[in-house]
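Structural characterization, general
In case you want the letters, here they are:
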Amino acid sequence: MATAGVVSGKIIYEQEGVYIHSSLGKTNDQDSLISGILRVLEKDAEVIVDWRPLDDALDSCSILYAGKDSSSVVEWTQAPKERAHRVVEHLNSYEAEWDMVNTVSFKKKPHTNGDAPSHRNGKSKWSFLFSLTDLKSIKQNKEGMGWSYLVFCLKDDVVLPALHFHQGDSKLLIDCLEKYVALCESPQDKRTLLVNCQNKSLSQSFENLLDEPAYGIIQAGLLDRRKLLWAIHQWKKIKKDPYTATMVGFSKVTNYIFDSLRGSDPSVHQRPPSEMADFLSDAIPGLKINQQEEPGFEVITKIDLGERPVVQRREPVSLEEWTKNIDSEGRILNVDNMKQMIFRGGLSHALRKQAWKFLLGYFPWDSTKEERTQLQKQKTDEYFRMKLQWKSVSEEQEKRNSRLRDYRSLIEKDVNRTDRTNKFYEGQDNPGLILLHDILMTYCMYDFDLGYVQGMSDLLSPLLYVMENEVDAFWCFASYMDQMHQNFEEQMQGMKTQLIQLSTLLRLLDSGFCSYLESQDSGYLYFCFRWLLIRFKREFSFLDILRLWEVMWTELPCKNFHLLLCCAILESEKQQIMEKHYGFNEILKHINELSMKIGVEDVLCKAEAISLQMVKCKELPQAVCEILGLQESEVTTPDSDNGEDENVGMTICPAPAFESNSLPVLTASGGRDDNPTEISMSPSVSRLTPA
């Protein structure tokens, strides 16, 4: 409970006409209705809820706060400067509802000087304030039962007098408090909102990244409670709206957390990097990155990967090239060669609407035109049957279906902020927004267990933009979600796995950079979370994302190519990060600010070059081979009498599936090179196959 005094700070909520009903049933009591002002204030990184009668609104000396004596019996005590004057007042019990019994007892305390405190009137004794960190639950009134009111219960089981909202609804206050704490309905009583409960909403993809372990550190006294409070409030925002908060607030939050962890004097309070990483990695069970060797895990030591080849890209596949690779019945000829061309140059925009359906698996590569026409008819019927399921739900039915209500609410919120600067989605009552909404709602019927999770609208937006058709966009989205499903599952297993794999690849490429990141408490690579969650959607321009995604959908040159894209971006930023000695916060800030500043062609060239470099390495660790889907093989040798060298047990990685050609290429800077340097390939080129 916050101590009393002059309450100053930023007012984030204020409501007059909030009453305390004292001495209910005593109609002759002039104080039976006490009008006051309710405020929520931010002060010194603390959030305070403050109520006081109107005539005491500017008099801080009359504020009362809850305290405990040695017998744990609650008393109402004056502010610190008047602590010697104890209140002699046995407050009447208050019954807010027919079934509510007051659980607070008030104990009379003797006055040190024999005098009771004086008040201008009897109302001052009702003033109270408390810190939001002390709030345990909030009880609401039954619907339709007169004025709306709230009863605050604190963590010491102190129940404050009920506040009746005679002017306006209490919902605005609840909305305000939810900016700082997570509130959810009690399983025992839907009218009771529990504070900081374990929220199981599927929308909280980010929930495990920094959760309850922080409270353990606070309780152990390792962190300054006051300094960390703001950060915890921000993490609660992330838990409620992980996607949005991740986009804008990551570096701010971590700044407060790690300043608190380190303390004001780093030489005295700084925690070892391994302990820092443990603090964060404990939030994701099973995520252990580069901290210590563990039995059963391969230790990746420094390996000479050899020279990295120079890679150049070609022009996008044209409609003419695509048409030449289709037979009379509409089948795609030489699928592997077509994928190679798409990987090397992407697609011309006029071709995307047709080619993306193949890349995403909506259309089989070996299907005829007639078969695809029949498939579209079947999928159209299937889509509209699912759409009808949620369209036909009445308002009364939806009132009894909380999950559907939650899905709809999240979708409406996300649709209204997805790519609104793109002409396809800008403006009010845009048909593109309606289609986004309807497709996402229908996906909830398609996969009701997953439903809708914030961030999925970003994956759908480019698909709808290209397809310009509701049904085709839906089935392409469903196929894409088959790949991305684990990113949005509640346990976040996909995100955990990818962060571990990324760390493994980065350590192989540059162990020195990894060691530097670890020295700055950044070895867990959480700053790449946004990249992985929605496949770089917020890092590149809209048109560049179209190019990047279609290249990744070819599944060339190896499995998990998107992780090599991460490595390529980080490698490009390594010099600045290390030369300028960026710390934890600076690294996060720098990575966040890369958004919309990354050149897609340059990153694709560098990531492909990294893949070729690894493929040529004959001592590639087994863990890396598994991540990249490279085939492990043993090269056995004849007897030594044959005079051949033995090379047993080596991990041999086959060359990429694409061969060099003399087509015009684009350099990493985007310029045309009509005399490209060909990359020599083994004549026996085989496709990379999973281990």
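Scoring rules and cut-offs
- Residues numbered from 1 in each chain as written.
- Predicted model: local features only at pLDDT ≥ 70, side-chain atom pairs only at ≥ 80, totals over all residues.
- Heavy atoms only, no water.
- Helix = DSSP H or I, 4+ residues; strand = E, 2+ residues; numbered from the N terminus.
- Buried < 20%, exposed > 50% of the residue type's maximum accessible area, 1.4 Å probe, protein only.
- Contact = heavy atoms within 4.5 Å.
- Areas by Shrake-Rupley, 256 points an atom, 1.4 Å probe, with all protein chains shown as cover.
- Axes fitted to C-alpha atoms, helices over the stretch in contact; angles between N-to-C directions.
- Parallel < 35°, antiparallel > 145°, perpendicular 65-115°, else oblique.
- Nonpolar A, V, L, I, M, F, W, Y, C, P; charged D, E, K, R; others polar.
- pLDDT = per-residue confidence, 0-100.
- Phe/Tyr/Trp six-rings, centres within 6.5 Å; stacked < 30°, edge-to-face > 60°.
- Lys NZ or Arg CZ within 6 Å of the ring centre and 35° of its normal.
- Salt bridge = Lys/Arg side-chain N within 4 Å of Asp/Glu carboxyl O.
- Polar contact = N/O pair within 3.5 Å; in protein donor to acceptor, adjacent residues only side chain to side chain.
- Left-handed = near helix turned anticlockwise from the far one by under 90°.
- Core = buried A, V, L, I, M, F, W, Y, C linked by side-chain atoms within 4.5 Å.

Labelled according to an unreviewed UniProt entry, the protein chain appears under the name TBC1 domain family member 15 isoform X2, originating from Odocoileus virginianus.

A few words now on the overall build of the protein chain. Scanning the protein chain from N- to C-terminus turns up 23 helices and 14 strands. Out of the 691 residues belonging to the protein chain, those deemed buried represent 54%. A fraction of 69% describes how many contacts in the protein chain between residues 6 or more apart in sequence connect residues 24 or more apart. About 32000 Å² of surface is accessible on the protein chain, with carbon and sulfur atoms providing 48% of the total.

Running from N to C, helix 14 (residues 456-467) and helix 19 (residues 542-553) cross one another at 95 degrees; their axes reach a closest spacing of 11 Å. On the basis of the axis angle, helix 14 is roughly perpendicular to helix 19. For the pair helix 14 and helix 19, contact is made by D458, L459, S461, P462, L463, Y465 and V466 and by F542, L543, I545, L546, W549 and W553, respectively. In terms of residue class, the contact of helix 14 with helix 19 is made up of 11 nonpolar, one polar and one charged.

Averaged over the protein chain, the pLDDT score is 74; the fraction of residues at 70 or greater is 63%. For the stretch residues 198-227, pLDDT sits under 50, and the model shows 84 contacts to residues farther than four places along the chain or on other chains. Confidence drops under a pLDDT of 50 for residues 633-691, and excluding neighbours within four residues, the segment shows 111 contacts in the predicted structure.

The next point concerns the packing of aromatic side chains. On inspection of all chains with the given rule, the structure shows 29 aromatic pairs. Ring geometry for Y443 and F477: centres 5.1 Å apart, planes at 70 degrees, overall edge-to-face. Within this pair, whereas Y443 is found in helix 13 (residues 431-446), its partner F477 is found in helix 15 (residues 470-488), the two being separated by 34 residues in sequence. Exposure remark for Y443: the relative accessible area of 1% places this residue in the buried category. Here the aromatic residues Y383, F384, Y443, Y446, F474, W475 and F477 are joined through ring pairs into a cluster of three or more. If you follow K379 out to its NZ or CZ, it ends over the ring of W475, 4.1 Å from the centre.

Enumeration over the complete set of coordinates arrives at 30 salt bridges. Each of R313, R352, R547, E550 and E601 takes part in a single network of salt bridges with overlapping partners.

Our focus in this paragraph is the side chain of S367. Following the sequence through the fold, S367 ends up in the loop between helix 9 (349-359) and helix 10 (369-391). Note on S367: relative accessible area 5%, which makes it buried. In terms of polar contacts, S367 uses its side chain to reach the backbone carbonyl oxygen of P364, at 2.7 Å. Not counting chain neighbours up to four residues away, the residues in contact with S367 comprise G330, R331, F358 and R372.

Here we take up the packing of helix 13 against helix 14. Where helix 13 meets helix 14, the closest approach of the two axes is 10 Å, and the angle between their N-to-C directions is 125 degrees. By the angle between their directions, the pair helix 13 and helix 14 is classed as oblique. Every pair of crossing elements has a handedness; the one defined by helix 13 and helix 14 is right-handed. In contact with G432, L435, L436, I439, L440 and Y443 of helix 13, helix 14 contributes M456, S457, L460, S461 and L464. Residue composition of the contact of helix 13 with helix 14, by class: eight nonpolar, three polar and no charged.

Glancing now at the nonpolar core. Residues F488, F536, F561 and M614 are the most contacted members of the largest nonpolar core, which totals 123 residues. The element best represented in this core is helix 15, accounting for 11 residues. The contacts of F561, once residues within four sequence positions are left out, are F343, V551, M552, L556, L604, A607 and E608. Formed by 31 residues, the second largest nonpolar core is a distinct cluster that contains Y13, F130, L135 and Y180.

A word on unusual backbone geometry. Omega for the bond connecting L556 with P557 falls within 30 degrees of zero, at -5 degrees, which places this linkage in the cis form. The residue P557 is located in the loop between helix 19 and helix 20 (561-579) in this model. At M596, a residue that is not glycine, the phi angle is positive and equals roughly 70 degrees. With respect to the helices and strands, M596 occurs in the loop between helix 21 (584-592) and helix 22 (600-616).

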